[in-house]
Protein chains: 2
Amino acid sequence: MPVSKKSHIIGHDFVNIAATIGPHAAFHALLRDFSRFGATPEGGIHRPEGSAANGEARRHLADWFGQRGHRVVVDGIGNMFGIIELAGPDAPLVMTGSHIDSQPNGGCLDGTYGVVAGCIAAETLAQEAGAGRLKPRANLCVAAWTNEEGARWQPSTLGSGTYVGDFALDYALARKDGDGVSVAEALSGIGWLGSDAAPAMPQAYVELHVECGPVLERRNLRFGIFKRWWGCRKIELRIDGAPSHTGPTLMSERRDALQAAARIITAVRQFADEAPKDVMHTSVGRIEVSPNSPNVVPSRVRLFIELRSAEEAVIDGAFARLEATIAETAKATQTGMEIERDEYRKPGQFSDRLADLADRAARDLSVGVLALDTIPAHDAVRLAPFAPSIVIAVPSIGGLCHTPLERTEPADLALGLDVLTIMLRKLVESGGS
Amino acid sequence: MPVSKKSHIIGHDFVNIAATIGPHAAFHALLRDFSRFGATPEGGIHRPEGSAANGEARRHLADWFGQRGHRVVVDGIGNMFGIIELAGPDAPLVMTGSHIDSQPNGGCLDGTYGVVAGCIAAETLAQEAGAGRLKPRANLCVAAWTNEEGARWQPSTLGSGTYVGDFALDYALARKDGDGVSVAEALSGIGWLGSDAAPAMPQAYVELHVECGPVLERRNLRFGIFKRWWGCRKIELRIDGAPSHTGPTLMSERRDALQAAARIITAVRQFADEAPKDVMHTSVGRIEVSPNSPNVVPSRVRLFIELRSAEEAVIDGAFARLEATIAETAKATQTGMEIERDEYRKPGQFSDRLADLADRAARDLSVGVLALDTIPAHDAVRLAPFAPSIVIAVPSIGGLCHTPLERTEPADLALGLDVLTIMLRKLVESGGS
């Protein structure tokens, strides 16, 4: 049966590629595969959740597991889980992963790196177990979480947040993008709105990521462990003035919402500048102005403010200052101000046990380690209150992230894979504890 | 022929409505007609140039002239001219009018008042001439100028500016709105891109407008004559920063274009606050921010700045301060700044002869008169260097303009119509001089 034989030969070559070419080469080949889906001329990827390119990447991931005989579970919010059953159906679970959605015109490593490395690490361990060189006491799972970026739908980390129960499924599915398209509609449209039961909470969750910051590079180190995550208070502030003609309206009678906004924007920056160095980050990234006509005094502004720190007291102090600034500025500018949304992700700590495990794995490879804070959210931040979790990281060249210029040295990417593989091996051997 | 008869009767009733109900009632009825096109729930109108509602208003105006047997000329930039021929085709021309485009969610008087009053005044004079009570030595023309507001396309007073030759027709037609739609495309879309030759420059241009300011009301006067216009320097400033993640990017390394913009906005207000009272008006009415995502440091901002005064030296001084502020702020915020547009309408004086005529007309009606400055542009400002021009005004309640709350007492609106009618009668009798 030539057809079957040919198929067998191709399949055989494919599934044994890691064994043949080694895990580093297999990793770079798979990463290159994913870099095609949504590739942009600038060398990045444009692969927002629910886009056609995102659907192609999902298909590739599912095929990758399927070709190796692993089950793929897709839950009701579209999270994908490749299940590598090593220790029988009732064994505990060790999970790794990240996300394969991207920022608009983002980079090819953010998220995808952790998923691809998770696949290759899992394949290595599956082969070791198959060859009897590993005694597994846990199963492995590689997760690709839905809408981590929050670029198309807010909030970010929507898939992992739904998995742990922070968001009700109905709420998550009903989120709408800027064009009014819901998560449910978009995932249905690309065929990835699943209905499988998600796997149970793992015994450990290890997420490998690029740093998305410049600290490792500047310290000339190749490996970091995120021990804490920064808190982030996201505030939407509405400012109400009154529209009038920019020409004749007396200056003393203008109720100019944009003038009021300018004072708030300047003050928000001062909160960070007046805190100890690098202890607080603040921003106003988005402003909506109405009517936004050159010759009408702006009557309404909406500001999107962020206050970030690893220390809750710092965020609370800045928020109190913001409230005082709002009151003063509203009075001085004859405007009304109201906080319309106030979403507070408190700072926290990842698992000490998993941090120690990461530290030992890196030292096994004779690599120096730096303890870091993660300032952006990761899916691990959602899982941490429910399962021991950690994020480990390799350097981002120039600290760049959320841009097509995002890069990491290939050797550093391989190093991250090696540390992840060592950690997952220990966890699979110990049953996850 | 019943059909013809019926049509005749309706037409007869319609064209003689002013004679039957009097010009004040006819005026209020016609103003109410126009208030329907683009009516908003707040009681204003949303009728930007080139919108469907603007097309309906244009249709109504053309029908109004057509039903009275007057020729309507639509020129290459969409300016509409109703020609009331009283003294033969070669007689000189006396022009009145204003505009029927509106600000986004603007008021129903700004511009429309002058067009509607012009129609009714012209009808009154046509009837007087027809009845032999007026010996005309000039023809009348009621103009509705395209894109006076400058809300959808910059610059403002685009139609009158093209009529007098300040703008080349190709330049005017190629202006693009925020969605990239050109003036030519939008006017074609609603069927009002004309090709008629515009009428020759008039012997006199009289524009009736609401004050759009609080001075008359506060002085308890009902009628004003704009003797001067304020100058206005309109500056578009581009600010270039760099995009990065609002989370991890160190504060010291952010090149935040919105932070830089906030400083400029605050400084522009200070120029006015530090000038002698009511001598200078400044504003930033429009801001464009990119990428305008809550978690990306803003990388590009465009500000629309206005510096206004009746005194050229005051504007020049503020512009010099703006240039210094730009240099300082660019340095302090690590941003690049460039003035992309710098349009300077110098202050000036309207026709003394027409101001005297307006003064006498008001005194004929035993109404007190106040000499005013007009701070916003009017189409008359475009015409003034080429033809004797004047703007006359009635009070705006609360000084409100460019808002749905814009109102004027009905009796004051009627007074403005009466003054306009007297002025136009004198000008038609004298041949415009």
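The structure presented is a predicted model; accordingly, all values stated were derived computationally and were not measured. (Residues numbered from 1 in each chain as written. Chains lettered and ligands numbered in written order. Predicted model: local features only at pLDDT ≥ 70, side-chain atom pairs only at ≥ 80, totals over all residues. Heavy atoms only, no water.)

> I would appreciate a short explanation of the environment of A:Ala361 in the present structure.
All names here are of chain A. You can see Ala361 is positioned in helix α12 (residues 352-364). Judged by relative accessible area, Ala361 falls into the buried class, the value being 2%. Taking the C-alpha atoms as reference, Ala361 lies 6.1 Å from Ile422; in sequence the two are 61 residues apart. In contact with Ala361, other than residues within four places in its own chain, are Val419, Ile422 and Met423. (Helix = DSSP H or I, 4+ residues; strand = E, 2+ residues; numbered from the N terminus. Buried < 20%, exposed > 50% of the residue type's maximum accessible area, 1.4 Å probe, protein only. Contact = heavy atoms within 4.5 Å.)

> I would appreciate a short explanation of the domain arrangement of chain A in the present structure.
How big an interface is tends to be expressed through the accessible area that disappears when the partners come together. Residue and element names in this part refer to chain A. Domain boundaries in chain A define domain 1 (11-229 + 348-430) and domain 2 (231-345). In this complex, domain 1 contributes eight residues to the contact, which on the side of domain 2 involves six residues. Counting each side, the surface lost to burial between domain 1 and domain 2 is near 610 Å², with a carbon and sulfur contribution of 53%. If you sort the residues of domain 1 by the area they bury against domain 2, Arg228, Trp229 and Ile375 come out on top, with a joint share of 60%. (Domains from an automatic or database assignment. Buried area = accessible area lost by both parts, 1.4 Å probe.)

> Where do I start with the sheet that holds strand β10 (residues 336-345) of chain B in this structure?
Backbone-to-backbone hydrogen bonds join strands into a sheet, with any given pair of strands oriented parallel or antiparallel. All names here are of chain B. With antiparallel pairing, the four strands of this open sheet are ordered in space as β8-β9-β7-β10. Each edge of the open sheet is held by one strand with a lone partner, namely β8 (280-290) and β10. Strand-to-strand twist of the sheet, defined as the mean angle between neighbouring strand axes without regard to direction, takes the value 15 degrees. In this sheet, strand β9 (residues 300-309) lies alongside strand β7 (residues 231-240) in antiparallel orientation, the contact comprising 10 bridges. Its bridge partner being in β9, Ile235 is matched across the sheet by Ile305. The strands touched by helix α11 (residues 312-333) are β7, β8, β9 and β10; relative to β10, the strand with the most contacts, the crossing angle is about 170 degrees. (Pairing = 2+ DSSP bridges. Axes fitted to C-alpha atoms, helices over the stretch in contact; angles between N-to-C directions.)

> Would you take a moment to explain the environment of A:Gly317 for this structure?
All names here are of chain A. In this structure, Gly317 sits in helix α11 (residues 312-333). Classification of Gly317 by relative accessible area gives partly exposed; the value is 33%. Between the C-alpha atom of Gly317 and that of Phe271, which follows or precedes it by 46 residues, the distance is 9.1 Å.

> In this structure, what is going on with the pairing of strand β4 (residues 139-144) of chain A? I would like to understand it.
For a regular strand, side chains alternate in direction, first toward one face of the sheet and then toward the other. Residue and element names in this part refer to chain A. Across the six residues that make up β4, a large majority, six, are buried. The alternating pattern of β4 places Asn139, Cys141 and Ala143 on one face and Leu140, Val142 and Ala144 on the opposite face, and all of these are buried. Both strand β2 (residues 80-84) and β4 contribute to a ladder of five bridges, which runs antiparallel. Along β4, the bridge assignment pairs Ile84 with Leu140. Bridging between strand β3 (residues 93-98) and β4 involves six bridges; their strand directions are parallel. By the bridge assignment for β4, Thr96 is matched with Val142.

> What exactly am I supposed to notice about the sheet that holds strand β9 (residues 300-309) of chain A here?
Residues and elements named next belong to chain A. Across the sheet, four strands lie side by side as β8-β9-β7-β10; this open sheet has antiparallel pairing. The two strands at the open ends of the sheet, each matched to only one other strand, are β8 (280-290) and β10 (336-345). Pairwise comparison of adjacent strand axes, ignoring direction, gives a mean angle of 15 degrees for this sheet. Note that β8 and β9 share 10 bridges and pair antiparallel. Within β9, the residue paired with Thr282 across the bridge is Leu307. Along the sheet face, helix α10 (residues 257-274) touches β7 (231-240), β8, β9 and β10 and points at about 170 degrees away from the line of β8.

> Please clarify how the side chain of B:Asp75 should be interpreted in this entry.
Residues and elements named next belong to chain B. Structurally, the position occupied by Asp75 is in the loop between β1 (71-74) and β2 (80-84). It turns out Asp75 is buried and unbridged, and the closest side chain with the opposite charge, Arg58, is 7.5 Å from it. Within polar-contact distance, the side chain of Asp75 engages the backbone nitrogen of Ile77 at 3.1 Å. Setting aside chain neighbours within four positions, we find Asp75 in contact with Phe81, Gly194, Ser195, Asp196 and Ala198. (Lys, Arg positive; Asp, Glu negative; His and termini not counted. Salt bridge = Lys/Arg side-chain N within 4 Å of Asp/Glu carboxyl O. Polar contact = N/O pair within 3.5 Å; in protein donor to acceptor, adjacent residues only side chain to side chain.)

> When you look at the layout of surface pockets in this model, what are you seeing that I'm missing?
Where empty space is left in the structure can be found by rolling a water-sized probe over the atoms. Approximately 830 Å³ is the volume found for the largest pocket. If you trace the largest pocket, you find 35 residues lining it, with A:Ala151, A:Gln154, B:Ser293, B:Pro294 and B:Asn295 closest to the centre. Grouping the constituent residues of the lining of the largest pocket by class yields 12 nonpolar, 12 polar and 11 charged. Volume-wise, the second largest pocket comes out at about 460 Å³. Lining of the second largest pocket is provided by 19 residues; of these, B:Arg152, B:Gln154, B:Asp177, B:Gly178 and B:Arg286 occupy positions nearest its centre. (1 Å grid on protein atoms, 1.4 Å probe; cavity = no way out; pocket = protein on both sides within 12 Å on 5 of 7 lines; lining within 4 Å. Points joined across faces, edges and corners; volume = space filled by probe spheres on them. Nonpolar A, V, L, I, M, F, W, Y, C, P; charged D, E, K, R; others polar.)

> Teacher, can you tell me more about the state of the cysteines here?
Where two cysteines share a covalent bond between their sulfur atoms, that bond is called a disulfide. All names here are of chain A. Under the definition given, this model contains two disulfides over all chains. Between the sulfur of Cys212 and that of Cys401 lies a disulfide, 2.1 Å long from S to S. Placement of the pair is Cys212 in the loop between β5 (204-210) and α9 (215-218) and Cys401 in the loop between β13 (389-394) and α14 (410-430), with a sequence separation of 189 residues. The burial state of Cys212 is the same as that of Cys401; both residues are buried. (Disulfide = S-S within 2.5 Å.)

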